[in-house]
Amino acid sequence: FPVTIYAEAEVEETFPVNFGIYDLNEFLGVLGLFSDPDFDFDENYVTIAQGKNSVTYLPADSSVLIFPKKSLQLKESAVEFDLESESFGSIIKAAGVLKAPFITFIGKNDKIEVIVHDKTNPNTNRYSVDAGETDQNFEIHIKTEFLSKLLAEKFKVAIYPDKKVVFNGDGKLYMIAAESDSSI
């Protein structure tokens, strides 16, 4: 699975047409323009509307989208812990405030700590969250830009020996590849 970030979601809604989204941040930003929009799908676009306001949003050509050729197959994780929604939200907020490019999960001295920082500069501000206990030693670095795409909720976090980190939430699963200098 040679991708940096992978996501799966179970949704109740049905979609009348295939509609590829190339820039998820842009699409989520468009949705943020509305509090409770309606969606009207056409083969060539979707109209997102609420009241007198609307956006016509075009789908991405399927040739520019990357689709997995097989489903995500996970082996046994090396570390698992729960990360509360409030903790995850504060981590993402702190990363924005501090303009920190990395979020690091550290297992050391029987505890798990999540650090928001710039791993390339030891003389920068840091924010930390106590995320539980572990008997494992590890240091997993993830780019903030990848974690900031996740919707804040309570996650079961699993770290795998091949440096993949899975965030399993309510009907959503995100897999993010850790930086190559991570260790487990």
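Residues numbered from 1 in each chain as written. Predicted model: local features only at pLDDT ≥ 70, side-chain atom pairs only at ≥ 80, totals over all residues. Heavy atoms only, no water.

## Quick word on the layout of surface pockets
And then number 1: For the largest pocket, the calculated volume is near 2200 Å³.
And then number 2: Surrounding the largest pocket, 45 residues form its lining, Ala7, Glu8, Phe19, Ile21 and Leu24 being those nearest its centre.
And then number 3: Elements with a minimum of two residues in the lining of the largest pocket: strand E1 (5–9), helix H1 (24–31), strand E2 (38–41) and strand E12 (172–177).
And then number 4: Broken down by class, the residue content of the lining of the largest pocket amounts to 30 nonpolar, six polar and nine charged.
And then number 5: Approximately 210 Å³ is the volume attributed to the second largest pocket.
And then number 6: In terms of lining, the second largest pocket is formed by 11 residues, of which the most central are Gln73, Leu74, Lys75, Asp162 and Lys164.
And then number 7: When its residues are assigned to classes, the lining of the second largest pocket shows five nonpolar, two polar and four charged. (1 Å grid on protein atoms, 1.4 Å probe; cavity = no way out; pocket = protein on both sides within 12 Å on 5 of 7 lines; lining within 4 Å. Points joined across faces, edges and corners; volume = space filled by probe spheres on them. Helix = DSSP H or I, 4+ residues; strand = E, 2+ residues; numbered from the N terminus. Nonpolar A, V, L, I, M, F, W, Y, C, P; charged D, E, K, R; others polar.)

## Observations concerning the pairing of strand E10 (residues 155–159)
And then number 1: The buried fraction of E10 is high, at four of five residues.
And then number 2: The pairing of strand E5 (residues 79–83) with E10 spans five bridges and is antiparallel. Bridge assignment links Glu80 to a residue of E10, and that residue is Ala158.
And then number 3: The antiparallel hairpin formed by E10 and strand E11 (residues 164–168) contains four residues in its connecting segment, where Lys163 sits at a positive phi of about 70°. (Buried < 20%, exposed > 50% of the residue type's maximum accessible area, 1.4 Å probe, protein only. Pairing = 2+ DSSP bridges.)

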